[in-house]
Structure formats: structure tokens, C-alpha cells
There are 2 protein chains.
Amino acid sequence: MSQQPGRVASVYSEVQTSRLNQSLPLPNVLKKPFTVKEGPNSSAAGNPDEIAKLFPNLFGQPSASLVASETEGLNPDQKLRIGVVLSGGQAPGGHNVISGIFDYLQERAKGSSLYGFKGGPAGIMKGKYVELTPEFIYPYRNQGGFDMICSGRDKIETPEQFKQAEETAVKLDLDGLVVIGGDDSNTNACLLAENFRGKNLKTRVIGCPKTIDGDLKSKEVPISFGFDTACKIYAEMIGNVMIDARSTGKYYHCKLMGRAASHITLECALQTHPNATIIGEEVAAKKQTLKSVTDYITDIICKRADLGYNYGVILIPEGLIDFIPEVQQLIAELNEILAHDVVDEGGVWKNKLQPQSQKLFDLLPQAIQEQLLLERDPHGNVQVAKIETEKMLIQMVETELGKRKQEGRYDKEFKGQSHFFGYEGRCGLPTNFDSTYCYSLGYAAGALIHSGKTGLISSVGNLGAPVEDWTVGGTALTSLMDVERRHGKFKPVIKKAMVELDGAPFKKFASMRGEWAIKNRYISPGPIQFNGPASRDISHTLLLELGSQA
Amino acid sequence: MSQQPGRVASVYSEVQTSRLNQSLPLPNVLKKPFTVKEGPNSSAAGNPDEIAKLFPNLFGQPSASLVASETEGLNPDQKLRIGVVLSGGQAPGGHNVISGIFDYLQERAKGSSLYGFKGGPAGIMKGKYVELTPEFIYPYRNQGGFDMICSGRDKIETPEQFKQAEETAVKLDLDGLVVIGGDDSNTNACLLAENFRGKNLKTRVIGCPKTIDGDLKSKEVPISFGFDTACKIYAEMIGNVMIDARSTGKYYHCKLMGRAASHITLECALQTHPNATIIGEEVAAKKQTLKSVTDYITDIICKRADLGYNYGVILIPEGLIDFIPEVQQLIAELNEILAHDVVDEGGVWKNKLQPQSQKLFDLLPQAIQEQLLLERDPHGNVQVAKIETEKMLIQMVETELGKRKQEGRYDKEFKGQSHFFGYEGRCGLPTNFDSTYCYSLGYAAGALIHSGKTGLISSVGNLGAPVEDWTVGGTALTSLMDVERRHGKFKPVIKKAMVELDGAPFKKFASMRGEWAIKNRYISPGPIQFNGPASRDISHTLLLELGSQA
């Protein structure tokens, strides 16, 4: 990690300054004395017996809820020493989680210390940290990015790495550690909690749900932070290109971040009403092929042409290719062939492919074929992540339209243009929702450590209600876990929350998409992060999920 | 042109609705009775003798200013028949120009008619139009895009095309035509005005300055509309990726729209303070090479590495390649060689290149070399516009850093990531400035036609002052013109306004960029189109230009 001088608020823009001074409301339960109530013993999301073996000290522990109390339940004179780490990709609001922890300590455990580990989990292992002071933290309040202490993608996995983490915890005499991260990082946090507990260290570990992808959630953790901001930024940009498409007679293919799950794409569709939206989970469930996805888009383009509309907007999730079974099959075969055989110019090598894979390979645009054959990662494997799906689809749609033109089934000129919306949303200034939600998550994490909890993920609920009525607690991380078999061993994992095809958000989308396809129902949300009535809205996904639970 | 059903305001987002109802202030001079005052006779931007020959009826005419008057100068009972056309690429605010013309007619020449030609100048030639009514126009007020009547890139150039335009003007009995477009379209508007006048048609032609690129401006036309909105949207996104770069340790290379001039890149630099900014006009003036541009960026990366900063943001104008003389030379040679010779795999063909071009070709990344050799336009020419400059620069910087690493002059890992910000800004909802400015431009265009003027471009000035004090008038289009020799003939052109290296905006940038390069002075403007104090700011470019004139 490079040297990180703290930010200087004096070079802030007016918006940054106004956000800096934006007040952060807390749920009522965090504003007054509270005690921690325990629920029934928990189990696991799957294979509880294996989880029990992997977490002998933590498995089965109840979740915790904070409830209002007449008297202060926790000792306000206890001086806590807490560490905090940002793990994985950026998500708007991370700085507010840290501010929340810090303010909890200032207000409820005066004289406590907060240490920020630098550059992600590597900072824990290497003992690289900074003591966080009010002056250091202040310029990051309600600001985007993870640059206060930066993040990293290292994991604490091996016995040596656990040992290093222990040493840091002992050296800093840590009462607690807050791990802000996604599914992997929270799994890691739980392993660390188990390890510390098993060695009778006093250091407790609390996780916080972070990822713009929105794929870390459960009944108790309604949403991961950052999703709200990222989707609002993307939806504004999509709304803009919709108007552009209509003005100029083009088809815009917009790829959206979200490799493993398509929540962002679904949310943006609900916010903007595009003509076609591909949801990876549906593609996988219906075992769709690249040809059928192409045909779906092409059919809509042709139907619109018949209606006189020669423009449109199509949303595609970043991870689309990973959801198409035949593509996975082709890539597996290619990896095998390329490892052992020579790719001859004549194409004899192609006979080694299964018939279905050969057919798919021939269907691909030439540029993609070359990319598959030429660009390999250090292990010699095809670099699937480098395939520009949005450009590939445009080319395939173009080819299919050309065919239909020859058959007299299409008579327009197709102009395709690709977009990728990703990085610009990951570090935006957090929305009102993410700002407040993150502050509560952090404040709650402080409370959970103060009350001696470990192996929980900070959980703030009832998010459809005003902030005052939000619920606060912690969910047993083991209760979110299942196991996966890797290299002959069971590994604990928090399963990624995928788009559920029988969930309310997808069902709402599915009921509308036919109309969006051929009629023009575009919505241009505009900038709604901070101002206006819409700036108080929660995401459509969350609203629909809460509604279906009620 | 596809069939365009009018927008339905009922499916608008909250922001769209709130903008719809946003009031549009007018300059004081347009709120009360006014007369039109003429200035001294005008000349041309260059070669006045040739311009005089090309515009015998219009050359030399004075510009017009609207001045407050005790009594109404124009006949309010005159029923005008006016046409309006959008020409060229989209720019936020076009709809407000149309609203401005419309409201002028409603308020100052009751019973008048406004016709919108559909799909750009082709709509004039084909006589495709729609009569604009309050119901039709209302949903487009303060909304982005050109979809009310759509635009097109056709030109009215040949004698037959002028004939078609005449026929439409006569058939519709037009008193006037407002052409909303860039430099080319306004040149065309002036030719049309000259033609109509030469044939004693009553149809007057008034232009309006449109282009997000900001390269249509003069002393009297301080800025083209759309620039303000586009730059504010891009600057927000750049501000976001700056925080991302700092959080994640990457170098983001952002390409920005603007092929012919680098105003957008310069404005965004002034708004956000990136580490390196390439201004095409400077590259051309200093006859920089691709190697020297690469070295400039690489030097900054190395200097930052020494300071402990392994991240940064670099801005590049879309048209960079066109500004590099040696690249132009290489492409000219390639076009020649590819037209007559076979490109052999052994590379013998390369001996046909001049030594300097050969050296440059060898410097290019392989993917770009292949692109230059393989992708040709229908005329067999290299497709310069398709070269992804931002990706090319990343690869060249990577190669240079690799070399320096071997020499022990650099020891970090460089992670480059490219972005292109363009389409998402072209059709955003217009900012407060563009909304108001466009409305005044349109209102003024109505007044100019009403007062019998032709061959002027609607001019609203004193833009640094409150709206009430803005000045209003029309500038003789011939006064902005020079000639270019094409196919042995003089052709009139409104010269594109390039970034002036001795202009105040560039000088301000040049005085700051050294500090921005190595210190971290990033500014994240956030969304400032509509709300907050910054939403009332004019662009830095305009502010600095006005300041230097004062």
C-alpha cells in the first residue's frame, strides 16, 4: 500500500462539503440506553453438522438484538481497543461504517481507541495500521471511496496467516475487530472469530455487509451497503442514454457491474424500464444458449422495427457469460485442448471440440474467437473475464439481423453502441440511504463488541420504516453458512444471494418487461443521491423484498 | 426517422417532473417592450472579399441588439409561420430552444404557428414536419435529448437540395426558420438565408449555437449550449473514479468526447484536478509525438511512485490522435500503401514507410497495428476514429514502465483501466444554466425573426451576470466566417473555436497542472446540475474567458 496522506477537506467541492456536514440520524434504540437480547440458538444455511465441526466454538450461537432499556446495560467506563479493516472492492459508505464505530466509542465508551488497518487484511497480518482520531476521520464523513485506510483482496487463510493476525491482535491488545467486506470476507471474519475464541484471545470479530453487487443478504441482513448508491448512479446514466437512443436511433447495450449475481442489472431495469434486460440467473435456470439470448434481443429489435421504433436500450450483467452453461462447457474444452494441442490455422484442432461446442465456437464473432485462442492467464486458461460481452452481443445481434434482412424480415439499419457502467458507481458519494445505513451498521458493530459478542454480522433491519424505527442487532455468521467441497475438504462459505426467480423484484420485472420491450416506458431518474423526494427512496429491490415479507 | 410518439409526462421520474415545472427566467430585455438596434457593418473572420462574393446579399450586415423601449417595437398582431430544425448530435437544452421560440410566439405574436421539421435538415427537404402545440411541447420542457422532433446529419448543399428547401418554405409559407446546430449547421443556415434572400423569399433564417464540444463560440456567442451539462455530468463521473483510483491503486485513463477540440477535457480538468491532462491543441502546437505524450504520462507516474502514490487519473480528448502530426503522416502513408500493395506477413511492406513512420508503427501496441492494417472504411481508408486511444495509451505507458523497471527506475505494479465518458452526457437533463440559456436563445430567435432579421445567430451574452442582466441579440453569421479551399473552390466555414493556448482557461490549467500531477488535489464535484449553490455556477471555461475579457 502506498503512503496515504489524509484528505484535506479544504479542497472539497461544494457537494462534498455539504455532505460532510450532513447530519447522520441514528435509530432510536441506539440513541438511548439499551441491552442486548439473545434469540434462540441458530443453525446453518446448509450442512449444519459440517458447520458445527468447522466452528466448534461459535456454531449455534444466537443472534443478538439491541432493545431499549431503562438503565445503561454496558459499562461506559470500559476502554475498548478496536481495529477495523476494509476488505475487497470499494462500495460507497465504507467510511461511514468507520465513522459509526468511532462515534459509538466516543459516546458510549469514552477513552477507547480505534485502529484502522491499512490496505485490507494484509494490514492486519503485517501490523500496518493508523490510529484513527476525530481529525483524521472527519474529512471522510459521508464521502465515497475506501481511501481513508484503503482496502485489499488478501485473505487470512493459512495457519501462518492466522498466526500473524493473532500476533497483531495481541500486540495491539485488541478487544475487537470489525471486518467490512463481502461474502468471502465475512466468512473469513467468522473463521478469525472462531480462531481467536479457540485460543482464548479476548479479540472479538464483527462483520459488516459490504458490496455494491447486492449479493450478500439474508432475512436479517436486508441489503449490503453500496448497492443503493451504485444503482442510483448507474440508473441516472442509463436514463440519459435512453433519451440519447431515442433521439439518435441507436441501440445501446449497457453492461453493468455484477459478475456473480445480476441484482444491479435487475434494480437498474426496475428504475429505468429498458427494452430488454438479461438476468444471468434466469439464463442459467432456463439453460439458455448464447443463440437464444441473441434471438431474444433480436426479436425485440424486429418487433420494435415493425412498430416504427429503430432504437432501444438493453441491459446486460457483467457476469452473463458465466451463466450460460454451453459457454462454460466450451471454455472447459478449450482450456483442455489449448493445454495439450497446437491450434492449426486450418482449423483441424476444432474437431477435438464436442459437436455442440464446435457449433457455439463457429457462432462467435471472429474477434471473440481470436481472444479465446490467444489471450490466456498465467495458468494458460482462457480469460473469460476479459471478454467484452456487450460488444460480442452487438456483433451477434448484427449478424442475426443481417440474416433476417436477407430473408426480408427486417429492413432497418441497426446501429449498436456499447457502454460499461461500473467504476463510476463504486466510489460515488454515498446516497442518503447508504450514508445513514452505514453509520448505523458501524455504530451497531461498536455496540456488539462492547457487549462481548463475536462471530456476528452487524444487522440493521426494518429499513422500509423511518430511520428512528430501524432495528439493530447482530446475526450469527455461522447461521448464514453452508459448506463447499474443495480439494477434498469442506470449506465454509456464505452463499451468495442470487436473484431469485420467484422473488418479488424479479416477478415485478417479469410482469412488466413485455410492455417495456415494445412500448416506450423509459424513465430517466436523474441525480437522486441527495436532493428531492426520490433521494429518500430505498431501492426498488429492497422495497419489493420488504413488501413481500410483510 | 422512426415514428415518434410524443413523450408521456406521466411516466416521468420525480426529477423529470420537478424539472418540467421549473420556471424559466428571462433576461429583463425580453420581459418588456424592446426595439432592435443595429451595430456597425460587419466583416468576416477571414478573407472578407471571398465571403462577400459567397454572400452578396448578406455580407456586411450589422449585428443586432435588443434594447428596452417605451413602446412595443414589433407588431404583436403579426401572425408568423416559423419552422425549427435540430441539426447534428444531441446537446442538452435543444428542447428549451424550441420552447423559447414557441413561448415568444405565444406571448409576442399571438396566433403564430411553429413547425418542427423531423429528423434534421432532411425533414426540411422532404417536407416532413409536425405542428407544435402547447400539449406537444410541454413534456419536453427542461428535458434532455432531441427526441421531440429528432435530429439528423444531412446537409442542404446541392442546388437540388436548396430547391427542395425552397419548396418547403414556400409551401408552408414560412416567415422564418430556426436552425439549431453546430458550426457546420450554422454555415448551412447562412447559405440558406443567402439563398432565400437572393430569391426574394420572405423566409428568414436564424441560427442557434449548439454543441457539447464547446467549439462554436466567438466574442458575441460566449458558449454553445450543452457544454455546461455535459461537462458537469462527466466531471461528476471523473470525481468518482478519482476516489476509486486512490482507494484501489489504479491509473484511470478517461477519454472524453470532443473530437475536433479539447474544451470538454480542459473544462473537466479545471473542475476535477486530475494528475495528467492531454490537450490536443497543445500537442499539435508543440508538435508532440505519441512517444512524447507517453513519456509525459509515464514521467508523472514515476514521480508519483517516488512519492508513494501508485494511483492516478489521466484525461484524454477523444480526438487526440488527430492532433499528433506524425500519426497523421503514418496514416496517410498507410492509406497509400494499403491501396496499392500487399501487406506481407514478413513485414517487407514496412520498408515503404518513411523512416519516422516506420519507427512510429513499431512503437504501437500490436492490437493497434493490426487494427490499422485490417479495419478499413468503405473507401479503403484506415479507420482512425475506431482507434481506442485510451487503451492504446495504457498499453504504451505499460511498455515504457516495463522498460524503466528493467532499468531500475520504477518498482511498482501499474494497473491501468480505461473509461470513455460521452453518450451519458449528451442527453442528460439540462443544467440550470443550459435550461435558462437555451430558453433565452430560442426566445431571442423568435424576436429576431419577428423583427425581420436573417442570417444571424441568436446571441445571449453577459452570462456571468444574473439572468435578468443577460444581453440579447443576433450576430451576423458571415462575420464568423472564413473560407477554405476544397476541390478548387472556396467554401465558407465557421472556424471551430479551438482551445487557445494563450486563453485564460488553458493558462489557468497550465499554471496548476504541475501541482495536480504530484500532489493530490482531486475534487469530486458530485451531482450539481440542479441543486445546491454549485448548481448556479457557470462553467470554469466561461467564467475564466469572461474574466479575461472584463
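About the cut-offs
Residues numbered from 1 in each chain as written. Chains lettered and ligands numbered in written order. Predicted model: local features only at pLDDT ≥ 70, side-chain atom pairs only at ≥ 80, totals over all residues. Heavy atoms only, no water. UniProt positions renumbered as here; feature names shortened; annotations may be inferred. Helix = DSSP H or I, 4+ residues; strand = E, 2+ residues; numbered from the N terminus. Buried < 20%, exposed > 50% of the residue type's maximum accessible area, 1.4 Å probe, protein only. Polar contact = N/O pair within 3.5 Å; in protein donor to acceptor, adjacent residues only side chain to side chain. Contact = heavy atoms within 4.5 Å. Buried area = accessible area lost by both parts, 1.4 Å probe. Salt bridge = Lys/Arg side-chain N within 4 Å of Asp/Glu carboxyl O. Pairing = 2+ DSSP bridges. Domains from an automatic or database assignment. Phe/Tyr/Trp six-rings, centres within 6.5 Å; stacked < 30°, edge-to-face > 60°. Lys NZ or Arg CZ within 6 Å of the ring centre and 35° of its normal. 1 Å grid on protein atoms, 1.4 Å probe; cavity = no way out; pocket = protein on both sides within 12 Å on 5 of 7 lines; lining within 4 Å. Points joined across faces, edges and corners; volume = space filled by probe spheres on them. Nonpolar A, V, L, I, M, F, W, Y, C, P; charged D, E, K, R; others polar. Least-squares fit on C-alpha atoms with pLDDT ≥ 70 in both. Expected span 1.5 Å × (residues − 1). Core = buried A, V, L, I, M, F, W, Y, C linked by side-chain atoms within 4.5 Å. Axes fitted to C-alpha atoms, helices over the stretch in contact; angles between N-to-C directions.

Per an unreviewed UniProt entry, chain A goes by Pyrophosphate--fructose 6-phosphate 1-phosphotransferase subunit beta and derives from Aquilegia coerulea. In the Catalytic activity (unreviewed entry) part of its UniProt record, chain A is described as follows: "beta-D-fructose 6-phosphate + diphosphate = beta-D-fructose 1,6-bisphosphate + phosphate + H(+)". As recorded by UniProt, the Subunit (unreviewed entry) comment attached to chain A reads in full: "Tetramer of two alpha (regulatory) and two beta (catalytic) chains."

## Regarding the side chain of Ser87(A)
Residues and elements named next belong to chain A. Examined against the element boundaries, serine 87 turns out to sit in strand 3 (residues 81-87). A relative accessible area of 5% means that serine 87 is categorised as buried. There is a polar contact of 2.8 Å between the side chain of serine 87 and the side chain of serine 185. Not counting the four nearest positions on each side in its chain, serine 87 is found in contact with Pro121, Ser151, Gly152, Ile180, Gly181, Ser185 and Lys210.

## Observations concerning the interface of chain A and chain B
Facing the 59 residues of chain A at the interface are 59 residues of chain B. Where chain A abuts chain B, roughly 4,500 Å² becomes buried across the two surfaces, and 52% of that area is made up of carbon and sulfur atoms. Counting the surface chain A buries against chain B, the share from its top three residues, Ser247(A), Tyr423(A) and Glu424(A), is 13%. Along the contact surface separating chain A from chain B lie six salt bridges. For Asp244(B), the salt bridge is made with Arg426(A), and the minimal N-O distance between the two is 2.7 Å. Per-element accounting of the side of chain A that touches chain B gives the leading share, 10 residues, to helix 9 (residues 227-248) of chain A.

## Quick word on the pairing of strand 14 (residues 481-486) of chain B
Residue and element names in this part refer to chain B. Bridging between strand 14 and strand 15 (residues 489-494) involves six bridges; their strand directions are antiparallel. Pairing of arginine 486 across the sheet is with lysine 489, part of strand 15. Two successive antiparallel strands, strand 14 and strand 15, enclose a turn made up of two residues, where histidine 487 displays a positive phi of approximately 50°.

## A word on the domain arrangement of chain A
Frequently, the measure chosen for interface size is the accessible area removed from exposure when the parts meet. Residue and element names in this part refer to chain A. Domain boundaries in chain A define domain 1 (46-61 + 77-226 + 430-494) and domain 2 (232-426 + 501-536 + 544-549). On a C-alpha basis, the centroid separation for the pair domain 1 and domain 2 is 35 Å. At the junction of the two partners, domain 1 supplies 15 residues and domain 2 supplies 16 residues. Roughly 1,300 Å² of surface becomes buried between domain 1 and domain 2 when both sides are summed, with 51% attributable to carbon and sulfur atoms.

## Re the packing of aromatic side chains
Residue and element names in this part refer to chain B. The full count for this structure, using the stated rule, is 32 aromatic pairs over all chains. Between the aromatic rings of phenylalanine 509 and tryptophan 516, the centroid separation amounts to 6.1 Å while the plane-to-plane angle is 55°, which identifies the pairing as tilted. Each member of the pair, phenylalanine 509 as well as tryptophan 516, carries the same accessibility label: buried. Seen from the ring of phenylalanine 420, lysine 255 lies directly overhead, with NZ or CZ sitting 4.8 Å from the centre. The aromatic ring of phenylalanine 490 is capped on one face by arginine 485, whose charged end is 4.5 Å from the ring centroid.

## Notes on the layout of surface pockets
Residues and elements named next belong to chain A. Considering only enclosed or pocket space, the second largest pocket measures out at about 870 Å³ in volume. If you go around the second largest pocket, you meet 37 residues; those closest to its centre are Lys232, Ala534, Arg536, Asp537 and Ile538. In terms of residues, the lining of the second largest pocket owes the most to one element, helix 19 (residues 432-450), which gives four residues. In terms of residue class, the lining of the second largest pocket is built from 18 nonpolar, 12 polar and seven charged. Counting contributing residues, the lining of the second largest pocket receives three or more from each of domain 1 (46-61 + 77-226 + 430-494) and domain 2 (232-426 + 501-536 + 544-549).

## So, the pattern of salt bridges
Residue and element names in this part refer to chain A. Scanning the entire structure with this criterion turns up 69 salt bridges over all chains. Between glutamate 282 and arginine 513 there is a salt bridge, with its nearest N and O atoms 2.7 Å apart. With glutamate 282 in helix 11 (residues 280-285) and arginine 513 in helix 20 (residues 504-518), the pair connects residues that are 231 residues apart, well separated along the chain. By relative accessible area, glutamate 282 is classed as buried at 7%.

## Considering unusual backbone geometry
The backbone of His273(A) shows a phi angle near 65°, a positive value even though the residue is not glycine. Structurally, His273(A) can be placed in the loop between helix 10 (263-272) and strand 10 (276-277). If you check the backbone angles, Asn47(B) has positive phi at about 50° while not being a glycine. Structurally, Asn47(B) can be placed in the loop between strand 1 (34-38) and helix 3 (48-54). Assessed through its relative accessible area of 42%, Asn47(B) is described here as partly exposed.

## Here's the deal with the relation of the copies chain A and chain B
Screw-axis analysis of chain A against chain B gives a translation of 0.0 Å along the axis, an RMSD of 0.1 Å, and a rotation angle of 180°. Expressed as an axis order, the relation between the two copies is that of a two-fold axis. For chain A, the residue whose C-alpha comes nearest the rotation axis is Pro527(A), separated from it by 3.2 Å.

## Quick look at the UniProt feature "binding site: Mg(2+)" (unreviewed entry) in chain A
Residue and element names in this part refer to chain A. Under the feature "binding site: Mg(2+)" (unreviewed entry), the UniProt entry names Asp183. Tracing the sequence through the fold places aspartate 183 in helix 8 (residues 183-198). Once you skip the residues sitting within four places of it in the chain, aspartate 183 turns out to touch Leu216, Ile494 and Lys496.

## Brief notes about helix 8 (residues 183-198) of chain B
Residues and elements named next belong to chain B. Here helix 8 spans 22 Å end to end across 16 residues, near enough to the 22 Å set by a 1.5 Å rise per residue. Of all 16 residues in helix 8, 12 are buried; the element is thus mostly enclosed. Listed as buried for helix 8 are Asp183, Ser185, Asn186, Thr187, Asn188, Ala189, Cys190, Leu192, Ala193, Glu194, Asn195 and Phe196. Remark: asparagine 200 follows helix 8 within two positions and exhibits a positive phi of approximately 60°.

## Points about the nonpolar core
Within the largest apolar cluster, 236 residues are counted, with the highest numbers of intra-cluster contacts made by Ile98(A), Leu132(A), Tyr437(A), Ile98(B), Leu132(B) and Tyr437(B). Sequence-distant contacts of Tyr437(B), that is, excluding residues within four places in its chain, are made with Pro209(B), Val221(B), Pro222(B), Ile223(B), Ser224(B), Phe225(B), Val460(B), Leu463(B) and Trp470(B).

## Things to note about the sheet that holds strand 11 (residues 416-421) of chain B
Strand pairing within a sheet occurs via backbone hydrogen bonds; the two strands may be parallel or antiparallel. Residues and elements named next belong to chain B. Pairing within the open sheet is parallel, and its four strands lie in the order 9-10-8-11. Here the strands that pair on one side only, and so sit at the sheet edges, are strand 9 (276-277) and strand 11. Both strand 8 (residues 251-256) and strand 11 contribute to a ladder of six bridges, which runs parallel. By the bridge assignment, cysteine 254 is partnered in strand 11 with histidine 419. With respect to the sheet, helix 9 (residues 227-248) is in contact with strand 8, strand 10 (312-317) and strand 11, its orientation differing from that of strand 8 by roughly 165°.

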